[in-house]
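What follows is each chain in one-letter form.
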Amino acid sequence: MAPPSTTTVQEDHVALAEIELCGELMIAASAADGERLSPDRIDEVLKVRPEGDARPLT
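These figures come from a predicted structure and were not determined experimentally. (Residues numbered from 1 in each chain as written. Predicted model: local features only at pLDDT ≥ 70, side-chain atom pairs only at ≥ 80, totals over all residues. Heavy atoms only, no water.)

Asker: Explain the overall build of the protein to me, and be specific about the residues and the numbers.
Answerer: Helix and strand counts for the protein come out as two helices and zero strands. Classification of the 58 residues of the protein by burial places 7% in the buried group. Roughly 5300 Å² of accessible area belongs to the protein as shown, and the carbon and sulfur atoms make up 58% of that amount. (Helix = DSSP H or I, 4+ residues; strand = E, 2+ residues; numbered from the N terminus. Buried < 20%, exposed > 50% of the residue type's maximum accessible area, 1.4 Å probe, protein only. Areas by Shrake-Rupley, 256 points an atom, 1.4 Å probe, with all protein chains shown as cover.)

Given below as structure tokens:
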């Protein structure tokens, strides 16, 4: 059996990161008071910020 290619390994890391982010969103959604997460809360969970916002990520 041939060893996995570098591309496959890189894709695995990307897939794992995406799964982790989805998990973080599910946790945040289950703890939310409302029916949906606000866009600001989603950005906070995913540790992103709107374009032009120079504040450091926490």
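Asker: For the pattern of salt bridges, give the residues involved together with the corresponding values.
Answerer: In a structure, side chains of opposite charge can pair up when their charged atoms sit close to one another. Taken as a whole, this structure holds one salt bridge when the rule is applied. Residue glutamate 44 is joined to arginine 41 by a salt bridge in which the shortest nitrogen-to-oxygen separation is 3.1 Å. In this pair, glutamate 44 and arginine 41 both sit in helix 2 (residues 39-46), three residues apart, roughly one turn of the helix. Here glutamate 44 falls in the exposed class, since its relative accessible area comes to 54%. Classification of arginine 41 as partly exposed rests on a relative accessible area of 33%. (Salt bridge = Lys/Arg side-chain N within 4 Å of Asp/Glu carboxyl O.)

Asker: An account of the environment of glutamate 20 is needed here, citing residue identities and associated values.
Answerer: Within the element layout of this structure, glutamate 20 appears in helix 1 (residues 6-31). Residue class for glutamate 20 comes out exposed when judged on its relative accessible area of 54%. Sequence spacing of glutamate 20 and leucine 46 is 26 residues, and the spatial spacing of their C-alpha atoms is 10.0 Å.

Asker: Quick rundown of unusual backbone geometry? Include the residues and the values.
Answerer: A positive phi angle is found at lysine 47, which is not glycine, with a value near 60°. In this fold, lysine 47 is placed in the segment after helix 2.

Asker: I'd like to hear about the environment of alanine 28, residue by residue, with values.
Answerer: Along the polypeptide, alanine 28 turns up in helix 1. By relative accessible area, alanine 28 is classed as buried at 8%. Taking the C-alpha atoms as reference points, alanine 28 and glutamate 44, 16 residues apart in sequence, are found 10.0 Å from one another.

Asker: Outline the environment of isoleucine 42, supporting the account with residue identities and numerical values.
Answerer: Structurally, isoleucine 42 is set in helix 2. Residue class for isoleucine 42 comes out partly exposed when judged on its relative accessible area of 30%. The residues contacting isoleucine 42, other than those within four sequence positions of it, are Leu25 and Leu37. (Contact = heavy atoms within 4.5 Å.)

Distances and angles like these do not, on their own, reveal function.
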